[in-house]
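Overview (structure and organization)
Letter by letter, the chains look like this.
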Amino acid sequence: MVDVRVLSYANVPPNPAYPNKPLLFLLGVLGSILSGLLIVFILEKLDRSFRSASQIEDVFGYPCYALIPKMWLDYDKALADHVISKPSSALAEAVRNLRTVLNFRGKHNRKNKVITITSGLAEEGKTMLALWLARLAAKGGEKVLLIDADLRRPGIHKLVPIARLIWFPVTRWKS
């Protein structure tokens with residue numbers, strides 16, 4: 001026979017000794033917050049878009065008259081009518097601000113009689129901005145003549161029904 005005695009029986013501990021769950025949970029939360037902040041910081045540093053007019057003026061050295069928000073609607077006709085049908089929208093307000101600035105920026109404190117809208121690339125909203133400015137000026141009581149000089153892809157006549165009546169095809173002059 002073996003000379004062995006049981007001094008005391010083992011008790012089951014209330015909490016496991018390993019792993020330390022509260023510590024792991026705290027480290028996980030802190031690690032998630034820090035990695036999220038790091039990702040936001042990196043994305044902010046890599047972002048090259050402009051967020052304000054002062055950024056545009058600082059980079060290019062030219063005054064920024066207005067910031068026009070992007071709009072996505074189902075079809076172009078609704079977008080063309082947006083400044084008239086929803087005059088209190090952010091888009092209509094931005095176009096009105098641009099119109100006001102253009103009126104006050106004329107030479108010798110006179111209103112501009114001719115406004116040219118141009119850009120370097122296609123599909124940047126030249127036609128729509130010209131149409132919005134023309135419609136708001138006409139609604140304000142001014143006489144407006146809107147000329148679509150885009151010879152490759154004219155678009156005003158598709159957006160304004162009356163423009164079809166006054167649209168003249170370009171013909172060659174005989175010399």
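Just so it is clear, the structure is predicted and the values come from calculations on it, not from any experiment.

1. Quick look at helix α1 (residues 21–46)
Compared with the 38 Å implied by 1.5 Å per residue over 26 residues, the 37 Å span of α1 between its first and last C-alpha is a close match. Counting buried residues along α1, only zero of its 26 residues qualify, which leaves the element largely exposed.

2. Focus on the packing of aromatic side chains
Two aromatic rings are characterised by how far apart their centres lie and by the angle between their planes. Applying the stated rule across the entire model yields one aromatic pair. Their ring planes at 55° and their centres at 5.6 Å tell us that F50 and F60 sit as a pair that is tilted. Of this pair, F50 sits in the loop between α1 and α2 (53–60) while F60 sits in helix α2, and the two are ten residues apart along the sequence. A relative accessible area of 39% places F50 in the partly exposed class.

3. Considering the nonpolar core
Core analysis: the biggest nonpolar cluster contains 17 residues, and V83, V95 and W132 have the highest contact counts within it. Looking at this core, the elements with two or more residues in it are α3 (76–80), α5 (90–104), α6 (126–139) and α7 (156–159). Considering each element in turn, this core owes the most residues, six residues, to α6. The contacts of V83, once residues within four sequence positions are left out, are L91, A92, V95, W132 and L136.

4. A few points about α6
The α-helix advances 3.6 residues per turn, and as a result positions three or four apart in sequence lie on the same side. Over its 14 residues, α6 extends 20 Å from the first C-alpha to the last, a length consistent with the 20 Å expected when each residue adds 1.5 Å. Listing the buried residues of α6 in full gives M128, L129, A130, L131, W132, L133, A134, L136 and A137. Following α6 by one or two positions, G141 has its phi on the positive side, about 95°.

5. Some points on unusual backbone geometry
Cis geometry marks the peptide bond from Y18 to P19, where omega comes out at -5°. With respect to the secondary-structure elements, P19 resides in the segment before α1.

What counts as what
- Residues numbered from 1 in each chain as written.
- Predicted model: local features only at pLDDT ≥ 70, side-chain atom pairs only at ≥ 80, totals over all residues.
- Heavy atoms only, no water.
- Helix = DSSP H or I, 4+ residues; strand = E, 2+ residues; numbered from the N terminus.
- Expected span 1.5 Å × (residues − 1).
- Buried < 20%, exposed > 50% of the residue type's maximum accessible area, 1.4 Å probe, protein only.
- Phe/Tyr/Trp six-rings, centres within 6.5 Å; stacked < 30°, edge-to-face > 60°.
- Core = buried A, V, L, I, M, F, W, Y, C linked by side-chain atoms within 4.5 Å.
- Contact = heavy atoms within 4.5 Å.

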